[in-house]
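# Structure assessment
One-letter residues, chain by chain:
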Amino acid sequence: MQTMPAHAAHHNDREIETLEEFDATVSARGNLAGFRVQAVDLTDRTRELLGTDTAGAVFLGCPMREEAAAKIRTDGALVFPPVPDLPFDPYRGLVYSPDELFASLADGYEATPDARAYAWFQRTRADGDIHASMLRAVHDDSVSDALDELLCGARVVGVMGGHAMRRGTEAYEGAARLGRELARAGFTVATGGGPGAMEAANLGAYAAPHDDEMLADALQLLAKAPGFTPSITDWATTAFEVRGRWPKGGTSVGIPTWFYGHEPPNPFASHIAKYFANATREDGLLARSNAGVVFLPGAAGTVQEIFDNATPNYYESRGEPTAMVLVDRTHWTEELPAWPLLQSLARGRSMESRIALVDRIEEVPEALKRLGD
(Lines give C-alpha, C1' and ligand atoms only; values in the text may rest on other atoms or scores of the structure.)
Protein backbone atom coordinates (compact mmCIF):
# COMPACT_ATOMS: atom_id res chain seq x y z
CA MET A 1 0.00 0.00 0.00
CA GLN A 2 1.22 3.45 -0.87
CA THR A 3 2.02 5.70 2.08
CA MET A 4 2.37 9.45 2.03
CA PRO A 5 5.07 11.06 4.10
CA ALA A 6 3.83 13.84 6.36
CA HIS A 7 6.03 16.19 4.38
CA ALA A 8 6.97 15.06 0.90
CA ALA A 9 9.84 16.20 -1.29
CA HIS A 10 9.75 19.87 -2.23
CA HIS A 11 9.14 21.16 -5.70
CA ASN A 12 11.23 24.08 -4.51
CA ASP A 13 14.26 23.33 -2.34
CA ARG A 14 14.51 26.99 -1.37
CA GLU A 15 11.43 26.75 0.85
CA ILE A 16 11.87 26.29 4.60
CA GLU A 17 8.74 25.14 6.42
CA THR A 18 9.95 23.70 9.74
CA LEU A 19 12.44 24.69 12.43
CA GLU A 20 14.46 21.55 11.61
CA GLU A 21 14.81 22.68 7.99
CA PHE A 22 15.80 26.16 9.16
CA ASP A 23 18.54 24.81 11.46
CA ALA A 24 19.83 22.38 8.83
CA THR A 25 20.02 25.11 6.16
CA VAL A 26 21.80 27.63 8.39
CA SER A 27 24.25 25.01 9.57
CA ALA A 28 24.97 23.60 6.08
CA ARG A 29 25.07 26.84 4.07
CA GLY A 30 25.77 29.60 6.57
CA ASN A 31 23.35 31.92 4.75
CA LEU A 32 19.65 32.22 3.90
CA ALA A 33 20.01 34.49 0.86
CA GLY A 34 17.09 33.95 -1.50
CA PHE A 35 15.27 31.46 0.74
CA ARG A 36 11.53 31.49 1.59
CA VAL A 37 10.80 30.80 5.25
CA GLN A 38 7.16 29.97 5.84
CA ALA A 39 5.32 30.10 9.19
CA VAL A 40 8.33 28.99 11.28
CA ASP A 41 8.58 30.33 14.85
CA LEU A 42 12.02 32.00 14.96
CA THR A 43 11.62 33.66 18.36
CA ASP A 44 14.50 31.55 19.74
CA ARG A 45 16.72 31.91 16.65
CA THR A 46 17.75 35.56 17.12
CA ARG A 47 21.47 34.72 17.29
CA GLU A 48 21.29 32.74 14.03
CA LEU A 49 19.34 35.50 12.25
CA LEU A 50 21.77 38.19 13.44
CA GLY A 51 24.75 36.17 12.22
CA THR A 52 23.37 35.01 8.85
CA ASP A 53 23.12 36.78 5.49
CA THR A 54 19.43 36.97 4.52
CA ALA A 55 19.64 39.16 1.40
CA GLY A 56 16.68 38.53 -0.91
CA ALA A 57 15.05 36.13 1.56
CA VAL A 58 11.30 36.29 2.30
CA PHE A 59 9.92 35.55 5.77
CA LEU A 60 6.20 34.76 5.68
CA GLY A 61 4.43 34.90 9.04
CA CYS A 62 7.49 33.94 11.14
CA PRO A 63 7.33 35.20 14.74
CA MET A 64 10.74 36.74 15.64
CA ARG A 65 12.26 39.32 17.98
CA GLU A 66 12.26 42.92 16.82
CA GLU A 67 16.09 43.23 16.68
CA ALA A 68 16.21 40.18 14.35
CA ALA A 69 13.43 41.59 12.15
CA ALA A 70 15.20 44.97 11.93
CA LYS A 71 18.51 43.32 10.98
CA ILE A 72 17.10 41.12 8.22
CA ARG A 73 15.15 44.04 6.76
CA THR A 74 18.47 45.91 6.58
CA ASP A 75 19.91 42.86 4.74
CA GLY A 76 17.22 43.40 2.11
CA ALA A 77 14.90 40.58 3.19
CA LEU A 78 11.13 40.96 2.98
CA VAL A 79 9.30 40.35 6.25
CA PHE A 80 5.55 39.60 6.27
CA PRO A 81 4.78 39.58 9.98
CA PRO A 82 2.23 37.21 11.58
CA VAL A 83 -1.30 38.65 11.56
CA PRO A 84 -2.61 38.97 15.14
CA ASP A 85 -5.97 37.54 16.30
CA LEU A 86 -6.57 35.29 13.30
CA PRO A 87 -8.02 31.79 13.90
CA PHE A 88 -5.76 30.40 11.12
CA ASP A 89 -2.26 30.96 9.75
CA PRO A 90 -2.43 32.40 6.21
CA TYR A 91 1.24 31.53 5.54
CA ARG A 92 1.11 27.92 6.71
CA GLY A 93 3.70 25.58 5.19
CA LEU A 94 1.82 22.27 5.61
CA VAL A 95 -1.76 21.07 5.11
CA TYR A 96 -3.94 20.53 8.19
CA SER A 97 -4.33 17.43 10.34
CA PRO A 98 -7.68 16.41 11.87
CA ASP A 99 -6.23 16.93 15.36
CA GLU A 100 -5.33 20.51 14.44
CA LEU A 101 -8.73 21.46 12.99
CA PHE A 102 -10.67 19.72 15.79
CA ALA A 103 -8.48 20.89 18.71
CA SER A 104 -10.73 21.78 21.72
CA LEU A 105 -13.54 19.49 20.46
CA ALA A 106 -14.07 18.45 24.10
CA ASP A 107 -15.44 21.99 24.67
CA GLY A 108 -17.87 21.59 21.76
CA TYR A 109 -17.35 21.99 18.02
CA GLU A 110 -17.86 25.78 18.21
CA ALA A 111 -14.57 26.03 20.17
CA THR A 112 -12.47 24.33 17.46
CA PRO A 113 -10.14 26.17 15.05
CA ASP A 114 -12.31 24.84 12.20
CA ALA A 115 -15.48 26.46 13.54
CA ARG A 116 -13.63 29.66 14.49
CA ALA A 117 -12.16 30.00 10.98
CA TYR A 118 -15.65 29.63 9.51
CA ALA A 119 -17.04 32.28 11.89
CA TRP A 120 -14.22 34.64 10.86
CA PHE A 121 -14.96 33.92 7.19
CA GLN A 122 -18.67 34.70 7.63
CA ARG A 123 -17.93 37.93 9.46
CA THR A 124 -15.29 39.27 7.05
CA ARG A 125 -17.10 38.16 3.90
CA ALA A 126 -20.16 40.13 4.98
CA ASP A 127 -18.22 43.40 5.37
CA GLY A 128 -16.12 42.99 2.17
CA ASP A 129 -12.80 43.82 3.87
CA ILE A 130 -9.93 43.86 1.31
CA HIS A 131 -7.38 42.85 3.96
CA ALA A 132 -9.46 39.78 4.85
CA SER A 133 -9.93 38.75 1.21
CA MET A 134 -6.16 39.08 0.67
CA LEU A 135 -5.50 36.87 3.72
CA ARG A 136 -7.93 34.25 2.40
CA ALA A 137 -6.18 34.25 -0.98
CA VAL A 138 -2.71 33.94 0.60
CA HIS A 139 -3.96 31.11 2.84
CA ASP A 140 -5.48 29.17 -0.07
CA ASP A 141 -2.33 29.57 -2.16
CA SER A 142 -0.18 28.32 0.75
CA VAL A 143 -2.48 25.30 1.13
CA SER A 144 -2.23 24.52 -2.62
CA ASP A 145 1.57 24.69 -2.42
CA ALA A 146 1.60 22.36 0.60
CA LEU A 147 -0.80 19.94 -1.15
CA ASP A 148 1.40 19.77 -4.26
CA GLU A 149 4.41 18.94 -2.09
CA LEU A 150 2.44 16.30 -0.18
CA LEU A 151 1.15 14.53 -3.30
CA CYS A 152 4.39 14.66 -5.26
CA GLY A 153 4.73 11.25 -6.97
CA ALA A 154 1.45 9.83 -5.56
CA ARG A 155 -1.16 8.02 -7.69
CA VAL A 156 -4.28 9.86 -6.60
CA VAL A 157 -7.85 8.63 -7.11
CA GLY A 158 -10.61 11.12 -6.36
CA VAL A 159 -13.81 9.75 -4.80
CA MET A 160 -16.86 12.01 -5.23
CA GLY A 161 -20.24 11.52 -3.62
CA GLY A 162 -22.94 13.25 -1.63
CA HIS A 163 -22.62 14.69 1.88
CA ALA A 164 -26.11 13.43 2.75
CA MET A 165 -25.12 9.73 2.85
CA ARG A 166 -25.64 8.63 6.44
CA ARG A 167 -23.53 6.39 8.63
CA GLY A 168 -25.16 3.02 9.28
CA THR A 169 -26.47 2.67 5.71
CA GLU A 170 -25.44 0.11 3.09
CA ALA A 171 -24.33 2.92 0.79
CA TYR A 172 -21.99 4.31 3.46
CA GLU A 173 -20.49 0.85 4.05
CA GLY A 174 -20.03 0.44 0.28
CA ALA A 175 -18.17 3.76 0.00
CA ALA A 176 -15.95 2.74 2.93
CA ARG A 177 -15.13 -0.59 1.30
CA LEU A 178 -14.28 1.26 -1.91
CA GLY A 179 -11.84 3.55 -0.05
CA ARG A 180 -10.23 0.50 1.56
CA GLU A 181 -9.90 -1.36 -1.77
CA LEU A 182 -8.32 1.66 -3.46
CA ALA A 183 -5.84 2.23 -0.63
CA ARG A 184 -4.91 -1.46 -0.58
CA ALA A 185 -4.39 -1.31 -4.36
CA GLY A 186 -1.72 1.38 -3.81
CA PHE A 187 -3.75 4.49 -4.61
CA THR A 188 -3.94 7.65 -2.52
CA VAL A 189 -7.63 8.32 -1.88
CA ALA A 190 -8.68 11.99 -2.16
CA THR A 191 -12.17 13.23 -1.36
CA GLY A 192 -13.97 16.53 -0.84
CA GLY A 193 -13.15 16.03 2.83
CA GLY A 194 -16.67 16.43 4.18
CA PRO A 195 -19.29 14.09 5.68
CA GLY A 196 -21.30 11.34 3.96
CA ALA A 197 -19.74 9.48 1.03
CA MET A 198 -16.56 11.56 1.40
CA GLU A 199 -16.10 10.53 5.03
CA ALA A 200 -16.84 6.89 4.18
CA ALA A 201 -14.10 6.78 1.52
CA ASN A 202 -11.55 8.40 3.89
CA LEU A 203 -12.62 5.94 6.62
CA GLY A 204 -11.99 3.05 4.21
CA ALA A 205 -8.48 4.29 3.48
CA TYR A 206 -7.91 4.69 7.24
CA ALA A 207 -9.04 1.05 7.72
CA ALA A 208 -6.77 -0.33 4.96
CA PRO A 209 -3.83 -1.47 7.19
CA HIS A 210 -6.20 -3.08 9.76
CA ASP A 211 -7.98 -6.44 9.49
CA ASP A 212 -11.40 -6.63 7.85
CA GLU A 213 -13.18 -6.96 11.18
CA MET A 214 -11.99 -3.49 12.19
CA LEU A 215 -14.08 -1.79 9.49
CA ALA A 216 -17.22 -3.70 10.49
CA ASP A 217 -16.75 -2.70 14.14
CA ALA A 218 -15.95 0.90 13.24
CA LEU A 219 -19.09 1.19 11.09
CA GLN A 220 -21.17 -0.05 14.00
CA LEU A 221 -19.61 2.47 16.38
CA LEU A 222 -20.09 5.37 13.94
CA ALA A 223 -23.77 4.50 13.41
CA LYS A 224 -24.44 5.90 16.93
CA ALA A 225 -24.15 9.39 15.37
CA PRO A 226 -25.50 8.85 11.84
CA GLY A 227 -25.15 12.44 10.58
CA PHE A 228 -23.47 15.74 11.38
CA THR A 229 -26.87 17.21 12.30
CA PRO A 230 -28.15 17.89 14.92
CA SER A 231 -24.72 17.76 16.62
CA ILE A 232 -21.37 18.14 14.84
CA THR A 233 -19.73 17.60 18.24
CA ASP A 234 -21.27 14.10 18.63
CA TRP A 235 -20.59 13.25 14.97
CA ALA A 236 -16.90 14.20 15.22
CA THR A 237 -16.45 12.69 18.70
CA THR A 238 -17.50 9.21 17.51
CA ALA A 239 -15.00 9.50 14.63
CA PHE A 240 -12.19 10.30 17.08
CA GLU A 241 -13.38 7.36 19.21
CA VAL A 242 -12.78 5.08 16.21
CA ARG A 243 -9.36 6.61 15.64
CA GLY A 244 -8.49 6.19 19.32
CA ARG A 245 -9.56 2.54 19.38
CA TRP A 246 -7.73 1.70 16.12
CA PRO A 247 -4.73 4.03 15.88
CA LYS A 248 -2.19 4.06 13.05
CA GLY A 249 -4.71 4.09 10.23
CA GLY A 250 -3.86 4.48 6.56
CA THR A 251 -3.28 7.87 4.94
CA SER A 252 -5.64 9.74 2.63
CA VAL A 253 -6.48 13.31 1.68
CA GLY A 254 -9.55 15.45 2.28
CA ILE A 255 -10.03 18.73 0.37
CA PRO A 256 -12.96 20.57 1.99
CA THR A 257 -14.01 24.22 2.07
CA TRP A 258 -15.22 26.78 4.60
CA PHE A 259 -17.52 28.05 1.85
CA TYR A 260 -19.88 25.25 2.95
CA GLY A 261 -19.38 26.05 6.59
CA HIS A 262 -22.30 23.97 7.81
CA GLU A 263 -20.36 20.89 6.62
CA PRO A 264 -17.48 19.97 8.94
CA PRO A 265 -14.37 18.19 7.60
CA ASN A 266 -14.18 14.51 8.45
CA PRO A 267 -11.48 13.30 10.85
CA PHE A 268 -10.52 10.18 8.84
CA ALA A 269 -8.48 12.02 6.20
CA SER A 270 -4.93 12.08 7.58
CA HIS A 271 -4.18 15.24 5.58
CA ILE A 272 -6.75 18.01 5.14
CA ALA A 273 -6.27 20.81 2.59
CA LYS A 274 -9.07 23.17 3.58
CA TYR A 275 -9.84 26.21 1.44
CA PHE A 276 -11.89 29.39 1.74
CA ALA A 277 -12.57 29.54 -2.04
CA ASN A 278 -14.75 26.65 -3.17
CA ALA A 279 -13.85 27.06 -6.87
CA THR A 280 -10.12 26.68 -6.09
CA ARG A 281 -10.88 23.61 -4.00
CA GLU A 282 -13.15 21.94 -6.61
CA ASP A 283 -10.71 22.45 -9.45
CA GLY A 284 -7.72 21.48 -7.30
CA LEU A 285 -9.28 18.20 -6.18
CA LEU A 286 -10.10 17.10 -9.73
CA ALA A 287 -6.81 18.34 -11.21
CA ARG A 288 -4.79 16.35 -8.64
CA SER A 289 -6.74 13.10 -9.20
CA ASN A 290 -4.15 11.90 -11.72
CA ALA A 291 -5.14 8.21 -11.53
CA GLY A 292 -8.85 8.84 -12.12
CA VAL A 293 -12.06 9.87 -10.39
CA VAL A 294 -14.86 7.66 -9.02
CA PHE A 295 -18.36 9.14 -8.83
CA LEU A 296 -20.65 7.53 -6.27
CA PRO A 297 -24.39 8.32 -6.34
CA GLY A 298 -24.92 11.95 -5.39
CA ALA A 299 -27.08 14.94 -6.27
CA ALA A 300 -26.38 18.36 -7.81
CA GLY A 301 -22.83 18.72 -6.40
CA THR A 302 -21.73 15.33 -7.73
CA VAL A 303 -23.32 15.99 -11.16
CA GLN A 304 -21.41 19.28 -11.30
CA GLU A 305 -18.17 17.43 -10.44
CA ILE A 306 -18.75 14.88 -13.24
CA PHE A 307 -18.86 17.65 -15.84
CA ASP A 308 -16.15 19.73 -14.16
CA ASN A 309 -14.00 16.63 -14.68
CA ALA A 310 -15.32 15.84 -18.15
CA THR A 311 -14.55 19.29 -19.59
CA PRO A 312 -10.71 19.17 -19.37
CA ASN A 313 -10.88 15.52 -20.52
CA TYR A 314 -12.97 16.58 -23.53
CA TYR A 315 -10.61 19.41 -24.53
CA GLU A 316 -7.48 17.60 -23.24
CA SER A 317 -6.53 20.86 -21.55
CA ARG A 318 -4.65 18.95 -18.84
CA GLY A 319 -3.07 16.54 -21.31
CA GLU A 320 -4.22 12.93 -21.64
CA PRO A 321 -7.79 12.35 -20.36
CA THR A 322 -7.98 10.64 -16.96
CA ALA A 323 -10.24 7.75 -15.99
CA MET A 324 -13.83 8.44 -14.91
CA VAL A 325 -15.85 5.66 -13.25
CA LEU A 326 -19.53 6.19 -12.40
CA VAL A 327 -20.98 3.77 -9.84
CA ASP A 328 -24.65 2.61 -9.81
CA ARG A 329 -26.21 2.10 -13.23
CA THR A 330 -29.79 2.93 -12.15
CA HIS A 331 -28.76 6.17 -10.47
CA TRP A 332 -26.69 7.53 -13.36
CA THR A 333 -28.92 6.33 -16.23
CA GLU A 334 -32.45 6.77 -14.79
CA GLU A 335 -32.57 8.90 -11.64
CA LEU A 336 -29.98 11.46 -12.77
CA PRO A 337 -29.04 10.42 -16.34
CA ALA A 338 -25.56 11.92 -16.45
CA TRP A 339 -24.07 8.77 -18.04
CA PRO A 340 -25.83 9.03 -21.47
CA LEU A 341 -24.73 12.67 -21.75
CA LEU A 342 -21.15 11.79 -20.74
CA GLN A 343 -21.14 9.02 -23.36
CA SER A 344 -22.41 11.41 -26.05
CA LEU A 345 -19.72 13.96 -25.18
CA ALA A 346 -16.99 11.32 -25.27
CA ARG A 347 -18.01 9.74 -28.56
CA GLY A 348 -15.19 9.76 -31.10
CA ARG A 349 -12.75 11.46 -28.73
CA SER A 350 -9.79 10.05 -26.82
CA MET A 351 -11.76 10.27 -23.55
CA GLU A 352 -14.19 7.62 -24.88
CA SER A 353 -11.85 4.82 -23.77
CA ARG A 354 -11.42 6.43 -20.33
CA ILE A 355 -15.02 6.37 -19.06
CA ALA A 356 -16.90 3.47 -17.45
CA LEU A 357 -20.22 2.79 -15.73
CA VAL A 358 -20.25 -0.02 -13.15
CA ASP A 359 -22.96 -1.36 -10.87
CA ARG A 360 -20.94 -2.29 -7.83
CA ILE A 361 -18.05 -0.69 -5.97
CA GLU A 362 -16.16 -4.01 -6.10
CA GLU A 363 -15.77 -3.43 -9.85
CA VAL A 364 -14.08 -0.04 -9.44
CA PRO A 365 -10.37 -0.96 -8.92
CA GLU A 366 -10.46 -3.26 -11.98
CA ALA A 367 -12.20 -0.56 -14.06
CA LEU A 368 -9.59 2.03 -13.06
CA LYS A 369 -6.82 -0.36 -13.97
CA ARG A 370 -8.43 -1.11 -17.35
CA LEU A 371 -9.06 2.55 -18.19
CA GLY A 372 -5.54 3.53 -17.12
CA ASP A 373 -3.80 0.97 -19.34
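To keep things clear, this report deals only with the structure shown in the data block. (Residues numbered from 1 in each chain as written. Predicted model: local features only at pLDDT ≥ 70, side-chain atom pairs only at ≥ 80, totals over all residues. Heavy atoms only, no water.)

### Brief notes about the overall build of the protein chain
Across its full length, the protein chain carries 15 helices and eleven strands. Over its C-alpha atoms the protein chain spans a radius of gyration of 22 Å, differing by no more than 12% from the 21 Å that the globule rule assigns to 373 residues. When its C-alpha atoms are laid out on the principal axes, the protein chain stretches across 70 × 50 × 45 Å. Every one of the 373 residues in the protein chain was classed for burial, and the buried ones make up 53%. (Helix = DSSP H or I, 4+ residues; strand = E, 2+ residues; numbered from the N terminus. Rg over C-alpha atoms; globule rule 2.2 N^0.38 Å. Buried < 20%, exposed > 50% of the residue type's maximum accessible area, 1.4 Å probe, protein only.)

### Notes on the pairing of strand β10 (residues 324-327)
Judged by which residues are buried, β10 turns out to be covered on both faces: M324 and L326 on one side and V325 and V327 on the other are all buried. Between the parallel elements strand β9 (residues 293-295) and β10, the chain passes through helix α12 (residues 300-315) in a crossover that is right-handed. Direction of pairing for β10 relative to strand β11 (residues 355-358): parallel, over a ladder of four bridges. Opposite L326, over in β11, you have L357 as the bridge partner. (Right-handed = clockwise from strand over helix to strand, strands pointing away. Pairing = 2+ DSSP bridges.)

### Quick notes on the sheet that holds strand β1 (residues 15-16)
Reading across from one edge, β1-β2-β3-β4 is the order of the four strands in this open sheet, with parallel pairing throughout. In this open sheet, the two strands that pair with only one neighbour each are β1 and β4 (78-80). Here strand β3 (residues 58-60) runs beside β4; their pairing, made up of three bridges, is parallel. Bridge pairing in β4 places V58 opposite L78.

### Describing helix α6 (residues 130-150)
Compared with an ideal rise of 1.5 Å per residue, which puts 21 residues at 30 Å, α6 spans 30 Å between its outermost C-alpha atoms and is within 8% of the ideal. Elements that come into contact with the buried residues of α6 comprise β1, β2 (36-38), α5 (113-127), β7 (253-254), β8 (271-272) and α11 (278-288). With a side-chain oxygen lying 3.0 Å from the backbone nitrogen of H131, the N-terminal cap of α6 falls on D129. (Expected span 1.5 Å × (residues − 1). Contact = heavy atoms within 4.5 Å. Polar contact = N/O pair within 3.5 Å; in protein donor to acceptor, adjacent residues only side chain to side chain.)

### Examining the packing of α5 against α6
Interaxial distance between α5 and α6 falls to 9 Å at its minimum, and their mutual angle equals 135°. Taken together, α5 and α6 sit at an angle that is classed as oblique. The element α5 and its partner α6 pack so that their crossing is left-handed. Between α5 and α6, the residues in contact are W120, F121, T124 and R125 and A132, L135 and R136, respectively. Residues of the contact of α5 with α6, tallied by class, amount to four nonpolar, one polar and two charged. (Axes fitted to C-alpha atoms, helices over the stretch in contact; angles between N-to-C directions. Parallel < 35°, antiparallel > 145°, perpendicular 65-115°, else oblique. Left-handed = near helix turned anticlockwise from the far one by under 90°. Nonpolar A, V, L, I, M, F, W, Y, C, P; charged D, E, K, R; others polar.)

### Some thoughts on the side chain of H139
Tracing the sequence through the fold places H139 in helix α6. H139 gets classed as buried once you look at its relative accessible area, which sits at 0%. Apart from the residues lying within four places of it in its own chain, the contact partners of H139 are F88, D89, P90, R92, Y96, W258, K274 and F276.

### Here we look at the sheet that holds β9
Strand-to-strand pairing in sheets goes through backbone hydrogen bonds, with the strands running parallel or antiparallel. Read from one edge of the open sheet, seven strands run β8-β7-β6-β5-β9-β10-β11, paired in parallel fashion. Edge positions in the sheet fall to β8 and β11, since each has one partner strand and no second. Alignment of β7 against β8, held across two bridges, turns out to be parallel. Bridged to V253 within β8 is H271. Seen against the sheet, helix α14 (residues 338-346) touches β10 and β11 and runs at an angle of roughly 155° to β11.

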